[in-house]
Amino acid sequence: MSADGLIVVDKPGGMTSHDVVARVRRLARTRRVGHGGTLDPMATGVLVIGVGRATRLLTYVIGAGKSYTATIRLGQATVTDDAEGDVIATTPAGQVTDDAIRAALAALTGEIDQVPSAVSAIKIDGQRAYKRVREGESVELPARRVTISRLDVLAVRRDQPDVVDVDVDVTCSSGTYVRAIARDAGLALGVGGHLTALRRTAVGGFTLAEAATLDELEQRAPDVVNLPLAAAAERFFPRRDATADEQRVLSHGGPLDPVGIAGPYAVFGPAGELIAIVSERDGRARAEIVLAPA
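Every chain is numbered independently, its residues counted from 1 as its sequence is written. It should be noted that, the model being predicted, local features are given only for residues of pLDDT at least 70 and side-chain atom pairs only at 80 or more, the latter also being counted only at that level, while totals for whole chains, interfaces and linings use all residues. Hydrogens and waters are ignored; side-chain quantities use all the structure's heavy atoms.

## Here's the deal with the overall build of the chain
Secondary structure summary: the chain contains eight helices and 18 strands in total. Its C-alpha atoms put the chain at 70 × 45 × 40 Å along the principal axes. Note on contacts: a residue pair qualifies if any of its non-hydrogen atoms lie within 4.5 Å across the two residues. The long-range fraction of contacts in the chain, counting pairs at least 24 apart against all pairs at least 6 apart in sequence, stands at 68%. Accessible area for the chain stands at about 13500 Å²; split by element, carbon and sulfur atoms hold 49% of it. Neither His nor the chain ends contribute to the count of charged residues, in which Lys and Arg are positive and Asp and Glu negative. By convention, the charge on Lys lies at NZ, on Arg at CZ, on Asp at CG and on Glu at CD. In the chain, which carries 34 positive and 37 negative side-chain charges, the distance between the mean positions of the two groups comes to 6 Å. Starting at the N terminus, helices and strands are each numbered in turn, a helix being any DSSP run of H or I of at least four residues and a strand any DSSP run of E of at least two. Note on areas: these come from Shrake-Rupley sampling with a 1.4 Å probe, and a residue is covered only by the protein chains present in the view.

## Notes on the environment of Thr-71
Along the polypeptide, Thr-71 turns up in strand E4 (residues 66-74). As a C-alpha pair, Thr-71 and Thr-196 span 125 residues in sequence and 5.5 Å in three-dimensional space. Contact partners of Thr-71, with chain neighbours within four places excluded, come to Arg-157, Asp-165, Val-166, Asp-167, His-194, Leu-195, Thr-196 and Ala-197. A polar contact of 2.8 Å, which involves the side chain of Thr-71, links it to the side chain of Asp-167. Here a polar contact is taken to be a pair of N or O atoms separated by no more than 3.5 Å, where protein atoms must pair a possible hydrogen donor with a possible acceptor and residues adjacent in sequence count only if both atoms sit in side chains.

## A few points about the UniProt feature "active site" (unreviewed entry) in the chain
UniProt positions are given in the numbering used here, feature names are shortened, and annotations may be inferred rather than shown by experiment. Using the residue numbers shown here, the UniProt feature "active site" (unreviewed entry) corresponds to Asp-40. For Asp-40, the contacting residues outside a window of four places in its chain are Lys-11, Met-15, Asp-82 and Arg-179.

## As for the nonpolar core
Counting 48 residues, the largest nonpolar core has Ile-49 and Leu-105 as its most contacted members. Every residue in contact with Ile-49, bar those within four places of it in the chain, is listed here: Gly-5, Leu-6, Ile-7, Val-9, Val-20, Val-21, Val-24, Val-33, Gly-34, His-35 and Leu-58. One finds Tyr-60, Phe-206, Ala-266 and Ile-289 within the second-largest nonpolar core, a separate group that totals 24 residues. For this analysis, a nonpolar core means a set of buried residues of the types Ala, Val, Leu, Ile, Met, Phe, Trp, Tyr and Cys, connected via side-chain atoms within 4.5 Å. Accessibility here uses a 1.4 Å probe with only protein chains present; expressed as a share of the type maximum, an area under 20% marks a residue as buried, one over 50% as exposed, and anything in between as partly exposed.

## Focus: the packing of aromatic side chains
Only centres within 6.5 Å qualify two rings of Phe, Tyr or Trp (six-membered ring in Trp) as a pair; their planes then separate them into stacked at under 30 degrees, edge-to-face at over 60, and tilted for everything else. A full pass over the atoms with the stated rule returns three aromatic pairs. Centroid distance Tyr-60 to Phe-237: 5.0 Å. Interplanar angle 85 degrees. Geometry classified as edge-to-face. In this pair, Tyr-60 sits in helix H2 (residues 58-62) while Phe-237 sits in the loop between helix H7 (229-236) and strand E15 (239-241), placing the two residues 177 residues apart along the sequence. The same class applies to Tyr-60 as to Phe-237, namely buried. Both rings, one in Phe-206 and one in Phe-236, keep their centres 5.6 Å apart while their planes meet at 10 degrees; by these two values the pair is stacked. Of the two residues, Phe-206 sits in strand E13 (residues 206-207) while Phe-236 sits in helix H7, which places them 30 residues apart along the sequence. Look at Phe-206 and you get buried, because its relative accessible area is 1%. Here a set of aromatic residues connected by ring pairs shows up, and it is made of Tyr-60, Phe-206, Phe-236 and Phe-237.

Structural data, given as structure tokens:
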């Protein structure tokens, strides 16, 4: 069976994130596998997978910032805001200038209130929004505050009449919908827009440079984990080293004295083993999750 830890997968197009988890369960020979942030079937790129006790780190991975390269097509709006949905409106976009495109995208940077795509995994009264849309309901989701810290235009391509393809590089907070950026840019320009390509290039500090394809994982199964639990935690969190006495207290859920590290942070034992993820509050350092084996 595979060790506890994280795998950075380069997800192929056409698979859901759950499909990737199912494949890794088979390769790692364990049911205890999860992912750190959904990628749409159309999208490719970085999908962080947790195996064994490392699944408990995924809540932090999900909240990490993310980077993408994407292609926005102006001149067509779709029901899903991406190429997987039916086109619901077409407006010739050939006359839209490069300057106008750059200005519309610049207006979508920084801290903004973004309405998620109606065809999203957000739950409304216990049911996924995309399921309600597919059943013919009209869904309106409330705006949420997100941060788009970088939205660079890489290229503006006019390869076809009436549509303009815009290649962009995006860095944003967790919860941002790149599809919604395409939709909102198209709305601002009066021509409609949707996403035709999306590739996630980073999640937190995990990048495509260290990502493995499913074929590569298949070849080395069941040894599929490329970041063992302790190494994964050290990559993702500030580090604190504990004494043997502190290790004993913390591994049983007790608090430690604070040391002034902005949390959450990872606490390691004298032998370098990961004990817990800790945060400091009310004058104590308390475990958010204990990861030392029972």
